[in-house]
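Below, each chain spelled out in residue letters.
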Amino acid sequence: MRLIIEPDYDHLSKWAAHYTAAKIRQANPTAEKPFVLGLPTGSSPLGMYRNLIELNKRGVVSFQYVVTFNMDEYVGIPQGHPESYYSFMWNNFFFHVDINPDNVHILDGNAPDLEAECAAYEAKMKVAGGVDLFLGGIGADGHIAFNEPGSSLASRTRAKTLTADTIIANSRFFNNDASQVPKTAVTVGVATILDAKEVLIMVNGHSKARALQQAVEGAVSQMQPITALQLHPKGIIVADEAACAELKVGTYHYFKDIEKDNLCPDSLLK
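The present account deals with the structure reproduced in this document.

Rules of the game
Residues numbered from 1 in each chain as written. Predicted model: local features only at pLDDT ≥ 70, side-chain atom pairs only at ≥ 80, totals over all residues. Heavy atoms only, no water. Pairing = 2+ DSSP bridges. Helix = DSSP H or I, 4+ residues; strand = E, 2+ residues; numbered from the N terminus. Axes fitted to C-alpha atoms, helices over the stretch in contact; angles between N-to-C directions. Salt bridge = Lys/Arg side-chain N within 4 Å of Asp/Glu carboxyl O. Buried < 20%, exposed > 50% of the residue type's maximum accessible area, 1.4 Å probe, protein only. Core = buried A, V, L, I, M, F, W, Y, C linked by side-chain atoms within 4.5 Å. Polar contact = N/O pair within 3.5 Å; in protein donor to acceptor, adjacent residues only side chain to side chain. Parallel < 35°, antiparallel > 145°, perpendicular 65-115°, else oblique. Left-handed = near helix turned anticlockwise from the far one by under 90°. Contact = heavy atoms within 4.5 Å. Nonpolar A, V, L, I, M, F, W, Y, C, P; charged D, E, K, R; others polar.

### A word on the sheet that holds strand β8 (residues 184-187)
Now for step 1: Across the sheet, three strands lie side by side as β4-β8-β7; this open sheet has antiparallel pairing. Every interior strand has two partners, whereas the edge strands, β4 (72-74) and β7 (158-161), have only one. Direction aside, neighbouring strands of the sheet carry axes that sit 30° apart on average.
Now for step 2: Relative to β8, β4 is paired through three bridges, and the arrangement is antiparallel. Residue pairing for β8: Tyr-74 is matched across the bridge by Ala-185.

### Quick notes on the pattern of salt bridges
Now for step 1: Scanning the model with the defined rule gives eight salt bridges in all.
Now for step 2: Here Arg-2 and Glu-259 are joined by a salt bridge, their closest N and O atoms 3.0 Å apart. One end of the pair, Arg-2, is in strand β1 (residues 2-6); the other, Glu-259, is in the segment after α8 (249-258), and 257 residues separate them in sequence.
Now for step 3: Its relative accessible area of 5% is what places Glu-259 among the buried residues.
Now for step 4: Connected via shared salt-bridge partners are Glu-122, Arg-156 and Asp-195.

### Some thoughts on the nonpolar core
For soluble globular proteins, nonpolar side chains are generally found buried alongside one another.
Now for step 1: Counting 46 residues, the largest nonpolar core has Leu-52, Phe-63, Phe-93, Phe-94 and Leu-200 as the members making the most contacts within it.
Now for step 2: When residues of this core are traced back to their parent elements, those giving at least two are α1 (9-27), β2 (35-39), α2 (46-57), α3 (85-92), β6 (133-137), β9 (198-203) and β10 (235-240).
Now for step 3: Considering each element in turn, this core owes the most residues, eight residues, to α1.
Now for step 4: Core analysis: the second largest hydrophobic core is formed by 35 residues, Leu-3, Phe-134, Ala-145 and Leu-229 among them.

### Notes on the side chain of Asp-141
Now for step 1: Within the secondary structure, Asp-141 is located in the loop between β6 and β7.
Now for step 2: Engagement of the side chain of Asp-141 in a polar contact is seen with the side chain of His-143, the distance being 2.7 Å.

### Regarding the packing of α1 against α2
Now for step 1: Interhelical geometry of α1 versus α2 gives an angle of 50° and a closest axis separation of 8 Å. Taken together, the axis directions place α1 and α2 in an arrangement best described as oblique. Read as a crossing pair, α1 and α2 show a hand that is right-handed. Counting all contacts with α1, which are made through Tyr-9, Ser-13, Lys-14, Ala-16, Ala-17, His-18, Thr-20 and Ala-21, the residues of α2 involved are Leu-46, Gly-47, Met-48, Arg-50, Asn-51, Leu-52 and Leu-55.
Now for step 2: Residues belonging to the contact of α1 with α2 are distributed by class as follows: eight nonpolar, five polar and two charged.

### A word on the environment of Ser-221
Now for step 1: As for its position among the elements, Ser-221 is in the loop between α7 (209-217) and β10.
Now for step 2: Among the residues examined, Ser-221 registers a relative accessible area of 27% and is labelled partly exposed.
Now for step 3: Look past the residues within four positions of Ser-221 in its chain and what remains in contact with it is Leu-153 and Thr-227.

### Remarks on unusual backbone geometry
Now for step 1: One non-glycine residue, Ala-145, lies in the positive phi region at around 55°.
Now for step 2: By secondary structure assignment, the location of Ala-145 is in the loop between β6 and β7.

Below is the structure:
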């Protein structure tokens, strides 16, 4: 696992965006062989999306031949609801870049058969050739996508009941009213994420410090699903200083030293 430590959220977001853009450019995707990107929602990736939009407008990276699969979606709220992840992705990213709408895949939380919807989603990823780069964030309790503590590390895309902690945390998007937050979501599984050729996780803020400490220094455990990233051959975490507050001093300095030449995002695009 790599741990990139950036000074703050803005630097973290720029690093993640430039890394993603560099991977797309290196792949030189075509209609016959697109680049497949897994995408998250929530507050953590917003800065990255803003940077990717800027890079796209400057002509640095194109999404014309990029196929996307989102991590999750709420169950039971309309697709056009302002807090649906469908709305989030189009409003914060897809409307602003040159992506082909036919290449966008988001789980349908209103499908009449959620089990069939989830199975079809897994099949679509395989048909696309697998995910080249899966981007994500983590919750304060170590969840990734909506794989809450206790989720099987072998889990695949499925419907999942949300914990009280997640519902309370997400209530900030629903007028701080937890009763408005859906109690269920459809989500890719831990194993689905680990199937990707690369996984890049963004971690920002002191509230994520304990989760980051477990991800880097803790044992692999279903009670901290993010720890499964330790099993991935190409797992990367990019974190800000605040999120590193719980790391051992030796761990912090170790990663600062070995990644010191990889901290300038501009160099990723050369």
